[in-house]
Amino acid sequence: QVQLVESGGGLVQAGGSLRLSCAASGRTFSSYAMGWLRQAPGKEREFVARISGSGSSTYYLDSVKGRFTISRDNAKNTVYLQMNSLKPEDTAVYYCAAGKVAVTSAPGYNYWGQGTQVTVSS
């Protein structure tokens, strides 16, 4: 069982930055691929970024490439999402998720955090 707790969301102006953190419980954190997904009102949950258990492999949604960076610190059981050059269309609830396989679809993840709101004003 893995428990995930996100933090770092908030309100920011377009062009600004935020860093999301996701703290995980358990002693097997490094065995899980981690992902960040988001859900805007009235839309389906959307993949944003993922990282392998070792941190050596990452993958991003095309629209966030070059602006967002996913990273992890296995010693701290934490995964991060650095978001720069934020746009109003990035507004959503952001969720971190853990799974045994690095995937880009929500059903592929086994454990989910409660979500953190990110709002980007124009």
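Residues numbered from 1 in each chain as written. Predicted model: local features only at pLDDT ≥ 70, side-chain atom pairs only at ≥ 80, totals over all residues. Heavy atoms only, no water.

So, on to the side chain of E6. Mapping E6 onto the fold places it in strand 1 (residues 4-7). Among buried charged residues, E6 stands out as having no salt bridge; its nearest opposite-charge side chain is R45, 7.7 Å away. Side-chain polar atoms of E6 contact the backbone nitrogen of C96, separated by 2.9 Å. Here the side chain of E6 touches Q114 through a polar contact of 2.9 Å, landing on its backbone nitrogen. Those residues in contact with E6 that lie beyond four places of it in its chain are S21, C22, W36, Y94, Y95, C96, G113, Q114, G115 and T116. (Helix = DSSP H or I, 4+ residues; strand = E, 2+ residues; numbered from the N terminus. Buried < 20%, exposed > 50% of the residue type's maximum accessible area, 1.4 Å probe, protein only. Lys, Arg positive; Asp, Glu negative; His and termini not counted. Salt bridge = Lys/Arg side-chain N within 4 Å of Asp/Glu carboxyl O. Polar contact = N/O pair within 3.5 Å; in protein donor to acceptor, adjacent residues only side chain to side chain. Contact = heavy atoms within 4.5 Å.)

One way to say it: the disulfide is the covalent bond shared by the sulfur atoms of two cysteines. Summed over the entire model, instances satisfying the criterion amount to 1 disulfide. Between the sulfur atoms of C22 and its disulfide mate C96 the distance is 1.9 Å. Negative torsions about the S-S bond denote left-handed disulfides, and the value of about 45 degrees found for C22 with C96 makes this one right-handed. Highlighted residues: C22 in strand 3 (residues 18-24) and C96 in strand 9 (residues 92-99), separated in sequence by 74 residues. The same class applies to C22 and to C96, which are both buried. (Disulfide = S-S within 2.5 Å.)

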